[in-house]
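Topology and contacts: notes
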Amino acid sequence: MDSVQVGGRAGGGKVGNKVSDLGAGLTIAGVRLTPILVADPPLLNTQGVHQPYTPRLIVEVETAGGVTGVGETYGDTKYLELARPFAARLEGRRVSDLNALFTLADEVAVDASRVEDAVDVGGLRGAQTADKLRLSVVSAFEVACLDALGRTLGLPVHELLGGKLRDRVEYSAYLFYKWARHPAGVPAEPDDWGAALDPAGVVAQARRFKERYGFTSFKLKGGVFPPEEEVAAIRALAEAFPGHPLRLDPNGAWSVATSLEVAGQLAGVLEYLEDPALGTPAMAEVAARTGVPLATNMCVTTFAEIPEAFTRDAVQVVLCDHHYWGGLRNTRQLAALCRTFGVGVSMHSNTHLGISLAAMTHVAATLPGLHHACDSHYPWQSEDVLTERLAFTDGRVTVPDGPGLGVELDRDRLAFLHRRWLDDDGSLRDRDDTAALRAADPRWTAPPVPRW
Ligand SMILES: O=C([O-])C(=O)C[C@H](O)[C@@H](O)C(=O)[O-]
Ligand SMILES: [Mg+2]
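Residues numbered from 1 in each chain as written. Chains lettered and ligands numbered in written order. Predicted model: local features only at pLDDT ≥ 70, side-chain atom pairs only at ≥ 80, totals over all residues. Heavy atoms only, no water.

1. Brief notes about the pattern of salt bridges
Tallied over the full model, the rule gives 31 salt bridges. Between R168 and D394 there is a salt bridge; the shortest N-O distance is 3.7 Å. Taken as a pair, R168 in strand β5 (residues 168–176) and D394 in the loop between β12 (374–375) and β13 (396–398) lie far apart in primary sequence, 226 residues in all. Taking the relative accessible area as the measure of exposure, R168 reaches 34% and is therefore partly exposed. Relative accessible area serves as the criterion here: at 43%, D394 is assigned to the partly exposed category. (Salt bridge = Lys/Arg side-chain N within 4 Å of Asp/Glu carboxyl O. Helix = DSSP H or I, 4+ residues; strand = E, 2+ residues; numbered from the N terminus. Buried < 20%, exposed > 50% of the residue type's maximum accessible area, 1.4 Å probe, protein only.)

This is the structure in C-alpha cells:
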C-alpha cells in the first residue's frame, strides 16, 4: 500500500512489545495516512447529490511500544495537504501529549486558495476557515492518540475522557430524499434502499430504518424540494410514527420569512428545526419569532462563533461534531459551554465510517445532559474499514468497553478502498455534490441562498 507514511515503524511494528518505561512506550514512532474512497448512495441535499464514492482519511499512529491507534476524518485534498505536514511534526511526541496537537496544527500553513471560497461545498458547514480545516485534521489524530493511549493502558476511550454516563448512545434515523441509483453511466455500488422523492417514499424509508435498526427518532434532510413538500413529508412522518421526535434540516436554504412560515406550520410537530436560515443573524431573527427550537451545525461550528449566537439566543441546540471541533475533548468543552448557557446538545454527522462512529459513541457516552438522539450517516455506508461493523439495536450503539476505541482495523478492506482512491483520476477525491448532480442535469449550479 503506498499510503503516506511518516516515521519508521507504522504498520510494521509488532503489537504488544514489552516496554519497561511506559512513558517512552507512548512515544509516537510512526504515522500512516491512508486516503480512501467509500461507496455513498445518491442522497440529495440542497447543493446537489452525494457522489458515488466519497473521500475519507484513515490515520494510524504507532507508538514505540508497538501499539497502533486509529482515527478518521474528511479525505478531500485540502485536508490531506494539512495532514501530511502535521503528521511529520508528531514523531517523537507522546500520544498523551494531546494539548500540544493544537499548537502543532497552528504551525501548519493553510493555502489561502482553500479558504477564499468561503463556503464548504461538501460538508454543508457554513463558512470555510483555516482553523476549521486544521481542527478537522487534528480531530483524527486526537482520536488515534486516544485509541493508542487507551490500548496501552488497557482502558476504553470513554474512561480517558472521565468515564461513561450511559452504556448505550441513542442515534436518530437520518432520512434523505434519494434517487434509486446514481445517474446512468456513473460507476457506483448499488444499494437496496430504493428512491424516496415524496412523503410516501420518505415514510417508507423511515419504516426500513426502524425495522432494520430500531430508530425511534427521525431527521429529514431538507432544502431539496419546495418547503411545502418537505412540510408534507414531516406531517406524513408524524402521522406514521406518532410521538417519535422529528427534525427537518434544509441547511440554510430558506429565507427568514420562509423559515417562520414552516416553523408556524410545524409547531408542535418538530423536536427542532435545524438551520432553516443561514447564519447567526438570520437564525436569531427566526428564533425571536417562533417557539420551535432551532438547532445548528452551520452557524456555531467553532468556539469563536459561540458568543454571538448564544447571547442573541439564535440557537437552542448545537449539533456537536468532533471532526469540526478538533476532537473528543473539545467536544466535551463545547458541551460544557452549552450547559452554561442553557443550550441543548445533539450530534452532527456526515458520511463517516465505524472508527468515527466509535469515537462519537465514546464521547457521547460521557456528556451530561445529552437529551437528543445523535445523527449518524453510518447506516448509509455499506463499506467500512473495521473487521466488525458497529451495530444499532433499538436505535442505540452499545458503548465499547474494550481498550481504546474498542474497534479493529481490517487491513485488507483498507487496502481495497485505498486502491480505489489510487485508481481514481482525481474526479472523486474532492467531494462536490453540485458537480455530482450535473451528471444528471448538466445545467445544475449551486442554488442561490436563500433558495426559497
Ligand atoms: O447539516 C447537516 O446535518 C449536514 O450537513 C450533514 C451532511 O453533510 C448531509 O447534509 C449530507 O451529507 O448531505
Ligand atoms: Mg444540519
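Moving on from the coordinates now.
2. Quick look at the domain arrangement of the protein chain
The parts lose accessible area when they come together, and the size of an interface is often stated as this lost area. For the protein chain, the domain assignment lists domain 1 (4–157 + 411–423) and domain 2 (163–398). Here domain 1 and domain 2 share an interface that buries about 3900 Å² over both sides, 61% of which is from carbon and sulfur atoms. Per-residue buried area on domain 1 facing domain 2 is highest for P42, L44 and E72; these three make up 18% of the total on that side. The interface formed by domain 1 and domain 2 includes 5 salt bridges. (Domains from an automatic or database assignment. Buried area = accessible area lost by both parts, 1.4 Å probe.)

3. Observations regarding the coordination of the magnesium ion (ligand 2)
At 1.9 to 2.2 Å from the magnesium ion (ligand 2) lie its protein donor atoms, namely D249 (OD), E274 (OE) and N297 (OD1). The motif formed by the donor residues of the magnesium ion (ligand 2), counted along the single chain, is D-x24-E-x22-N. With D249 in strand β7 (residues 246–249) and E274 in strand β8 (residues 272–274), this pair connects stretches of sequence that are 25 residues apart. For the pair D249 and E274, a shared accessibility class is recorded, and that class is buried. (Donors = N, O, S within 2.8 Å, 3.2 Å for Na, K, Ca; no water.)

4. Observations concerning the packing of aromatic side chains
Taken as a whole and judged by the stated rule, the model has 18 aromatic pairs. Judged by centre distance (4.6 Å) and plane angle (40 degrees), the rings of F218 and F241 are tilted. Here F218 is found in strand β6 (residues 218–221), whereas its partner F241 is found in the loop between α8 (227–240) and β7, with 23 residues between them in sequence. By relative accessible area, which is 0% here, F218 ends up buried. Since its relative accessible area comes to 4%, F241 is described here as buried. Clustering of aromatic rings is evident, with ring pairs tying together Y171, Y174, F176, W193, F209, Y213, F215, Y378, W380 and F392. Just above the ring of Y74 sits the side chain of R56; from NZ or CZ to the centre is 5.6 Å. (Phe/Tyr/Trp six-rings, centres within 6.5 Å; stacked < 30°, edge-to-face > 60°. Lys NZ or Arg CZ within 6 Å of the ring centre and 35° of its normal.)

5. Quick look at the environment of T129
Among the secondary structure elements, T129 is positioned in the loop between α4 (113–116) and α5 (130–153). Along the chain, T129 and T302 lie 173 residues apart, while their C-alpha atoms are 9.9 Å from each other.

6. A few points about the UniProt feature "domain: Mandelate racemase/muconate lactonizing enzyme C-terminal" (unreviewed entry) in the protein chain
UniProt feature "domain: Mandelate racemase/muconate lactonizing enzyme C-terminal" (unreviewed entry): in the numbering of this structure it lies at residues 199–293. Annotated as 52% helix and 12% strand, the span residues 199–293 places its first and last C-alpha atoms 23 Å apart. (UniProt positions renumbered as here; feature names shortened; annotations may be inferred.)

7. Describing the site of ligand 1
Surveying the vicinity of ligand 1 reveals 17 residues, the closest of which are N45, H50, Y174, N251 and N297. Within the side chain of N297, an N or O atom sits 2.8 Å from an oxygen atom of ligand 1. Between ligand 1 and N350 there is a distance of 3.4 Å, counted from an oxygen atom to a side-chain nitrogen or oxygen. The fraction of the free accessible surface of ligand 1 (330 Å²) that becomes covered by protein chains is 100%. Secondary structure elements with two or more residues in the shell around ligand 1: β5 and β6. Counted by class, the shell around ligand 1 contains 3 nonpolar, 9 polar and 5 charged residues. (Near = heavy atom within 4 Å. Polar contact = N/O pair within 3.5 Å; in protein donor to acceptor, adjacent residues only side chain to side chain. Areas by Shrake-Rupley, 256 points an atom, 1.4 Å probe, with all protein chains shown as cover. Nonpolar A, V, L, I, M, F, W, Y, C, P; charged D, E, K, R; others polar.)

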